[in-house]
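Now for the letters of each chain:
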Amino acid sequence: MKPAVHALGDPLATAPFYAPAGNECALFELAWRRGLPLLLKGPTGCGKTRFVAHMAARLGLPLHTVACHDDLTAADLTGRYLLRGGDTVWTDGPLTRAVREGGICYLDEVVEARKDVAVVLHPLTDDRRILPLERTGEELAAPKSFMLVVSYNPGYQSLLKALKPSTRQRFVAIEFDFLPAAQEVAVVATESGLPAERVRPLVTLAGRLRALKGHDLEEGVSTRLIVYCASLMMAGLPAAEAVLAAMIEPLTDEPDVKAALIEVAKAVVG
Ligand SMILES: Nc1ncnc2c1ncn2[C@@H]1O[C@H](COP(=O)(O)OP(=O)(O)OP(=O)(O)O)[C@@H](O)[C@H]1O
Ligand SMILES: [Mg+2]
């Protein structure tokens, strides 16, 4: 008989790269151990999804991700009866699958979902930890390994869409923001392969553009866009063209605003 092969290796070494800003990794792990749901809030492209992927791999848990949108209903999450060859067959939705299998269920942009979603999340996110399936009459108890993680961007989502206190007060919450400049340089260099000294001006530019948020821009430039820019430069595109394509065009459609951003970029990157 062949000896058992331990092919998985060190989960920390094989997990998707994530540079922590503070104690969020320890907090996530403790919340998971204690069966507490977690809410991540922060601007677009600041590392929320990467953090969840990193933690799932680190804890050796399956990750079930659901991108929420404004048509998403409770039935989309829990499941429904579908017609199959003349029969109606119950088909689990992603939340039900996650509760049955255990692991992390990540609802991205949860405030986008329809109001009735809260109804299925409430019993799952208090000490009951159950998912009632009205249609089948089942009541699933979440296994110990199950954890619900939700994220949203408080910046551009209107007050109308904000989570109700009775929903948000069922979660432990972590606020995310862009990393301090030195750390952001390191992340972008790691992600893109571009040397840190060439990344540094891009991060400086991002800082300047983020300062314009609220005046001319709805959202500041994300770490994701700096990674795009650095990747284009790494592939050989001149800096000015990469900055325009990755760090300016995605931010605005207003010709005046764009011209102003180009001036800022010229002053910083050249
Ligand atoms: N702390 C970090 N460690 C490693 N990579 C990071 C970090 N923060 C941002 N990144 C990089 O930024 C990219 C975007 O991050 P991510 O997709 O996690 O953002 P997000 O917060 O989920 O955004 P959205 O709200 O738009 O979904 C990642 O693919 C990664 O390259
Ligand atoms: Mg995300």
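Values in this document were obtained by computation on a predicted structure and should not be read as measured data.

*Asks:* Explain the UniProt feature "domain: CbbQ/NirQ/NorQ C-terminal" (unreviewed entry) in the protein to me, please; I cannot follow it from the model alone.
*Replies:* The sites that UniProt annotates as "domain: CbbQ/NirQ/NorQ C-terminal" (unreviewed entry) are residues 184-268. End C-alpha atoms of residues 184-268 are separated by 17 Å, and the span's content is 71% helix alongside 0% strand.

*Asks:* Can you help me understand the nonpolar core in this one?
*Replies:* One recurring pattern in soluble globular proteins is that nonpolar side chains are buried together. Counting 38 residues, the largest nonpolar core has Leu38, Val149 and Val150 as its most contacted members. For this core, the secondary-structure elements that each account for two or more residues are α2 (24-33), β1 (38-41), α3 (48-58), α5 (94-101), β5 (104-108), α6 (117-124) and β8 (147-152). With 5 residues, the top contributor of residues to this core is β8. Excluding residues that lie within four positions of it along the chain, Val150 makes contacts with Leu39, Leu107, Val110 and Phe171.

*Asks:* When you look at the sheet that holds β5 in this model, what are you seeing that I'm missing?
*Replies:* Backbone hydrogen bonds are what pair the strands of a sheet, in a parallel or an antiparallel way. The sheet built from 5 strands is open, its strands ordered β2-β5-β8-β1-β9 with parallel pairing. Of all the strands in the sheet, the pair left with one neighbour each is β2 (63-67) and β9 (172-175). Adjacent strand axes in the sheet meet at a mean angle of 20°, parallel and antiparallel pairs treated alike. Two elements, β1 and β8, share 4 bridges in a ladder whose sense is parallel. In the sheet register, Leu38 faces β8, and the bridge partner there is Val149. On top of the sheet, α5 reaches β2 and β5; it is set at about 165° to β2, its chief contact.

*Asks:* Can you walk me through the packing of helix α9 (residues 196-210) against helix α10 (residues 223-234) in this structure?
*Replies:* Between α9 and α10, the shortest axis-to-axis distance is 10 Å and the interhelical angle comes to 145°. Considering only the axes of α9 and α10, their crossing is right-handed. Contact residues: α9 offers Arg198, Val199, Leu202, Val203 and Ala206, while α10 offers Ile226, Cys229, Ala230 and Met233. Of the residues belonging to the contact of α9 with α10, the class tally is 8 nonpolar, no polar and 1 charged.

*Asks:* Teacher, can you tell me more about the site of ligand 1 here?
*Replies:* Around ligand 1, a shell composed of 18 residues is seen, among which Thr44, Gly47, Lys48, Thr49 and Arg50 lie nearest. Counting only elements with at least two residues in the shell around ligand 1, the list comes to α3, α8 (181-192) and α10. Grouping the amino acids of the shell around ligand 1 by side-chain chemistry returns 7 nonpolar, 7 polar and 4 charged. A domain-level breakdown of the shell around ligand 1 finds at least three residues from each of domain 1 (11-175) and domain 2 (181-269).

*Asks:* Looking at this model, I keep getting lost on the domain arrangement of the protein. Mind explaining?
*Replies:* Where interface size is given, it is often the accessible area lost as the parts come together that is meant. What the domain assignment lists for the protein is domain 1 (11-175) and domain 2 (181-269). Relative to domain 2, the C-alpha centre of domain 1 lies at a distance of 31 Å. Domain 1 puts 9 residues into the contact, and the matching count from domain 2 is 11 residues. Considering only residue class, the side of domain 1 that touches domain 2 consists of 5 nonpolar, 4 polar and no charged.

*Asks:* I keep staring at the packing of α8 against α9 and nothing clicks. Help me out?
*Replies:* Two measures define how a pair of helices packs: the angle their axes make with one another and the distance between the axes. With their axes 9 Å apart at the nearest point, α8 and α9 run at an angle of 125° to one another. Here α8 lies oblique to α9, going by the angle between them. In this structure, α8 crosses over α9, and the sense of that crossing is right-handed. Packed against α8, whose contacting residues are Ala181, Glu184, Val185, Ala186, Val188 and Ala189, the element α9 presents Ala196, Val199, Arg200, Leu202, Val203 and Gly207 at the interface. Here the residues of the contact of α8 with α9 are counted per class, giving 9 nonpolar, 1 polar and 2 charged.

Reading guide: rules and limits
- Residues numbered from 1 in each chain as written.
- Chains lettered and ligands numbered in written order.
- Predicted model: local features only at pLDDT ≥ 70, side-chain atom pairs only at ≥ 80, totals over all residues.
- UniProt positions renumbered as here; feature names shortened; annotations may be inferred.
- Helix = DSSP H or I, 4+ residues; strand = E, 2+ residues; numbered from the N terminus.
- Core = buried A, V, L, I, M, F, W, Y, C linked by C-beta atoms within 7 Å.
- Buried ≥ 20, exposed ≤ 12 C-beta atoms within 10 Å, placed from the backbone.
- Contact = placed C-beta atoms within 7 Å.
- Pairing = 2+ DSSP bridges.
- Axes fitted to C-alpha atoms, helices over the stretch in contact; angles between N-to-C directions.
- Left-handed = near helix turned anticlockwise from the far one by under 90°.
- Nonpolar A, V, L, I, M, F, W, Y, C, P; charged D, E, K, R; others polar.
- Near = placed C-beta within 6 Å.
- Domains from an automatic or database assignment.
- Parallel < 35°, antiparallel > 145°, perpendicular 65-115°, else oblique.

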